[in-house]
Structures are given as structure tokens and as C-alpha cells.
Amino acid sequence: MRRGAWAAAILIAAALLGWRAARRSPPVSVPGAEAKATLALLEEILASRDDNDPRLDREFVALSSEEKGLFRAAYAARPRERLNERGTIVYLLGRNLTAPEDWAFLREVAAEPPCLSLADCAKPSADAGEHGDAVTLAYPSLVALRQAHRAAQEGAPADEARSVLEAARASKAPAVTRLARALAPGFDKKAP
Amino acid sequence: MVRAALLLSFGLLLAAPSRAAAPFDGGAGALDVPKPDLSAMQEAAADARRSRADLYAFTKEEAAAAYKKFAFGVRAPRAPGFTFDKDVPADIQKQMLADLAFIKGLAGEKATALHRKIFGAVSGADYAKFFETRVSAIGMNSCGGGNAVACVIPFRDPSKMWLTQNFIRFSHPQVSRMMVVYHEARHTETKNWNWGHATCPTPFRDENGKDMKSIWTGASLAGEPACDETPLGSYGSSTIMLKNISKYCANCTDKVKMDAGLYADDQMGRIIDADAKKEMQDDFSR
């Protein structure tokens, strides 16, 4: 009887502590003000369509895991046809490769199925277009590969960088496999 | 495709001022042109030859005809600058001006010899001068439809550049829009026979032995007028511009420099003459 009362008291106390802890710190999924501000800045730059905004170089360095999570969510939420915007997000995340999930994201982007047309990635276009469209259609994947290559040159974990290269090599987009072939030697040696 | 080719030939044969239209570098499909004379079209069809794979191009004879037609314009220099047609939507004007402002703002530490020969320094002032002394007006056209962004229609007006709705509809990196614009600007040069494209060799393979194909139609580029044999043509000059931006731009973001490199390497694949390619590679490595 006394043992049962003790167990009940411990359970009640644990529940009380858990409830108080939950009230004190918000759930992990709710972003903090700083992370939200960083995301808002990114969205502002993307909306401006100004790729030469110096804040792209100045800001977004040493992104927190929370900020990177928000950027990945922003990438996933965008229509695939927003190729430059998605590529810009990949570019920024590719400068902040500190955790396994950062590399996993680059691998996923490098391995994305080809975008079949600028108007609708799911539907091929029989119309002709501009020279350079092969690059634009594969832009996010090309950026992922470029950033992995750069990281490899700067001494990032070789196995992580090479995993992005392997994902790119298996791509169905000719522009991606072509760049993978061109950059492959650079994954084995650091820049002088 | 055949219909468009007939329209083009018709335009050339009649050399009708301001009415006939030929997409210079646009995509396949219907053009914004008046109804043609069918008999003239059929007569012209025998000699008509247009790319079935990627972009339209013109023949040496057509360039000569454009030279003859616009000889007066060639001899009489005009004041630099351009105007927008009234039907160019405000958002397209805004984007074009923003892109040109981006180019005008560039500054470089140095430039390669080929770049100096074509554009001058890696400098906004020189890029602006290049554009504004070649393009006098900007209008709206389908440029053959499809995914085209810009074109020049030399028989209609060799110094006019046409934009499509795709200029703002699609999500291109900024430097790639300017690559297309400067490629087309080079094609306005009537005095240089508009820098006509060369026929891609058969077979036409990349450095890895893979057939070069149109990303859109999947058709081989072999035998099509979608290549250049000189560093000075439209593919060559835009490659040189991009490569110099990638290497020497002092106030570009790292992203712009990376993008310029990606597109330059892609465009280099259209240079088919070994000597021209070597000249460019040597130029870039100096």
C-alpha cells in the first residue's frame, strides 16, 4: 500500500516537472526570433532577384542548425521551377557544412531528378530554348556539387564530399554528370 | 518548323522593310509576323535551311542581304542608348534595367587580352558602352515561342533586341540572363555579318565522347548551325565575358562569380575550332 502511494507520488511529480519544463521552453519546431529574421532576410534577397546583393557574402555565415533547418524547409517548400532561388539556398547552405544533415541535404539535391522544363519540371518541353538552359535546369544540383567540391578543397571530410560527388555522378541530368566528371579530380586533393 | 523556315525565307527574299521577320537566335515555333505570300514562300523553301535542333541561325547569304539592306545604318553611327517600346510591360522593363544596372556596376581587377579586344576592361562602363552602341531599342516578341528569352530579328531591325515574357517568368540566375542579352547584342553587328554561327561537326561530341544534343528537343546538334569557329562570335564573346567576370570581378558576390563560371564552361562547348578553343584557353590561363 505504502509502496503504491510512493509510486503514484513519483509519477505525479514527474508529470508536474514535465509540464513546467514544457511551459518554460517552446517546442523545438518553433523557430526563434533570430532564425526567423535570418530567413526573412533570405526571402527579401530572393524576391529582389539581385544575385549581386553583397549581403549574400556578408550574412549567412556560421548559420545555426535552426537556421539551416529553416533554409532546408524553404528549399523544400519552393516549386522546383524556382531554380535560381533554390540554387541560391543550396549555395548558402553549402557554405555552412558542419553537420551530417548538411551533407545529406547536398547529396539529396545533387541526386534530384532532372527538371524537364523551365515552366514545369514534371513535363518535358518540345520547344527550343536558350543556350545555357541545360545549366539552368540543373542549377540546384550543380551548385550542390560545386559547393561540395569547394569544401573538399578546403579540407572538409573527404568521405562526405565524395558522397555528394557520387550522387552527382548517378544523376540523370547530363549537365550534372558532365560537371561531376570535370570536378572529380579535385575531390582527391586539396587546393594548394 | 517548316512553316517557320518558310516564313524566314520569305522575309529574306522580299527583304520587306520592317515587315519580314526572322528569329535570329530564338526557338522553334510561330513568330510574330504578318501573313506571308505563299507562292514566295514555296519558292524560297528549296534553299531554306534552319536548325531543327536548338536555335535558329542565318546563312552567310542572309547576313549579306542584311548588310545590303542596312548599309546606310552601318555607315551612319548613332548616339548610344536604347528605348523600350510602349508595349514592353513595366515589370520586364524593370528587370532589364535592374540587370543592366548590375552589369554597369561591375568592376574588375584586370581582363584577359580577348576580353579587352571585344569589350575593354571588366568594367561596367565598358559593358554598358558595348550594349548601348549596339542595341537601340527593346521590344516584345515571341522569339519563336517555347523557352526563348531574347532574340534579334536582323531583317526587321538589326539593332533592336526583342524580349519574351520568359525574361521574368522563369527563374534564371541573373548572370545567365545577361549572357543571353550580350550574346544577342553581338548578333546585331551587321558590319560583321552578324557573327553568323558555324555548323556543328558530325559527329559532334563533348569531351567525354557523348553526343551533344539539344536539351529541349533531344535532337543532335551535329550538322546544325549552333556552334562558333571563332572566339569573337556570339558564343565566344559571351564565354569570354563570363570567364572574365568569374575570374576578375572585384565587386561580384561569390555566387555571381560561381554562376559565371558554370555558364562559361557550358558555352565553351559550342566552340568547335581547335585553334579558337586553344586561343581562348590560353587567354583564360594567362
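Our subject is the structure that appears above.
Computed from a prediction, not measured in an experiment: that's the story for all the values here.

A. Spatial organisation of the overall build of chain A. In terms of helices and strands, chain A carries 10 helices and zero strands. Taken from the N to the C terminus, the helices and strands of chain A come in the order α-α-α-α-α-α-α-α-α-α. Counting only residues that meet the buried cut, chain A has 39% of its 192 residues in that class.

B. Summary view of the interface of chain B and chain A. Listed per partner, the contact involves 41 residues of chain B and 35 residues of chain A. Among the secondary structure elements, those contributing two or more residues to the side of chain B that touches chain A are α5 (90-104), α9 (174-186) and α11 (254-268) of chain B. In terms of residue count, the dominant contributor to the side of chain B that touches chain A is α11 of chain B (nine residues). For the side of chain B that touches chain A, the class distribution of residues is 18 nonpolar, 16 polar and seven charged.

C. Local environment of the nonpolar core. Counting 96 residues, the largest nonpolar core has Leu142, Leu145, Val164 and Val176 of chain A together with Ala150 of chain B as the members making the most contacts within it. The greatest single-element share of this core, amounting to eight residues, is contributed by helix α8 (residues 139-153) of chain A. Ranked by size, the runner-up nonpolar core spans six residues in total, among them Cys200, Met212, Leu221 and Ala226 of chain B.

D. Structural context of unusual backbone geometry. Note that the residue after Thr202 of chain B, namely Pro203 of chain B, is joined by a cis bond; omega there is -5 degrees. Considering the arrangement of structural elements, one finds Pro203 of chain B in the loop between α9 and α10 (234-248). Positioned with a positive phi, Ala62 of chain A is a non-glycine residue whose angle comes to about 55 degrees. Looking at the secondary structure, you find Ala62 of chain A in the loop between α3 (55-58) and α4 (65-77). For Ala62 of chain A, a count of 8 C-beta atoms within 10 Å translates into the label exposed.

E. Structural detail: the packing of helix α2 (residues 33-48) of chain A against α4 of chain A. Residue and element names in this part refer to chain A. Contact geometry for α2 and α4: axes closest at 9 Å, N-to-C directions at 40 degrees. Taken together, the axis directions place α2 and α4 in an arrangement best described as oblique. The crossing of α2 and α4 is right-handed. Where α2 abuts α4, its residues Ala35, Thr38, Leu39 and Leu42 lie against Glu66, Glu67, Leu70, Phe71 and Ala74. Of the residues that constitute the contact of α2 with α4, the class distribution is six nonpolar, one polar and two charged.

F. Region of the structure containing helix α5 (residues 83-93) of chain A. Counting buried residues along α5 of chain A, 11 of its 11 residues qualify, which places the element largely inside the surrounding structure. Looking at α5 of chain A, one finds that the buried residues are Leu83, Asn84, Glu85, Arg86, Gly87, Thr88, Ile89, Val90, Tyr91, Leu92 and Leu93 of chain A. The inward-facing, buried residues of α5 of chain A contact α2, α4, α6 (100-110), α7 (133-137) and α8 of chain A together with α11 of chain B.

G. Quick look at the sheet that holds strand β3 (residues 150-152) of chain B. Residue and element names in this part refer to chain B. Spatial strand order, β1-β2-β4-β3: four strands in an open sheet with mixed pairing. Edge positions in the sheet fall to β1 (83-84) and β3, since each of these pairs with one other strand and no more. Bridge analysis of β3 against strand β4 (residues 160-163) gives three bridges, and the strand direction is antiparallel. In the sheet register, Ala150 faces β4, and the bridge partner there is Leu163.

Each value, and the rule that gives it
Sequence order as written defines residue numbering, which begins from 1 separately in each chain. Going through the entries in the order they are written, you letter the chains from A and number the ligands from 1. At least 70 in pLDDT is required for a residue's local features to be given in this predicted model, at least 80 for side-chain atom pairs to be given and counted, and no such filter applies to totals for whole chains, interfaces and linings, which use all residues. Under the scheme used here, helices are H or I runs from DSSP no shorter than 4 residues and strands are E runs no shorter than 2 residues, and both carry numbers assigned from the N terminus. The burial label depends on the number of other C-beta atoms within 10 Å of a residue's C-beta. Counts of 20 or more mean buried, 12 or fewer mean exposed, and intermediate counts mean partly exposed, with C-beta atoms placed from the backbone. Here, residues touch in the contact sense if the C-beta positions derived from the backbone fall within 7 Å of one another. Residue classes follow a fixed rule: Ala, Val, Leu, Ile, Met, Phe, Trp, Tyr, Cys and Pro count as nonpolar, while Asp, Glu, Lys and Arg count as charged, and any other residue, Gly among them, counts as polar. The term nonpolar core refers to a group of buried residues, namely Ala, Val, Leu, Ile, Met, Phe, Trp, Tyr and Cys, whose C-beta atoms join them within 7 Å. Axis definition: a line fit to C-alpha positions, over the contact stretch in the case of helices; interaxial angles, taken between N-to-C directions, run 0 to 180 degrees. For classification purposes, angles smaller than 35 degrees are called roughly parallel, those larger than 145 roughly antiparallel, those between 65 and 115 roughly perpendicular, and all remaining angles oblique. With the far helix as reference, a near helix turned anticlockwise by less than a right angle produces a left-handed crossing, and one turned clockwise produces a right-handed crossing. Strand pairing follows a simple DSSP-based rule, namely that at least 2 bridges must link the two strands.

Nothing here speaks to function; it is all geometry.
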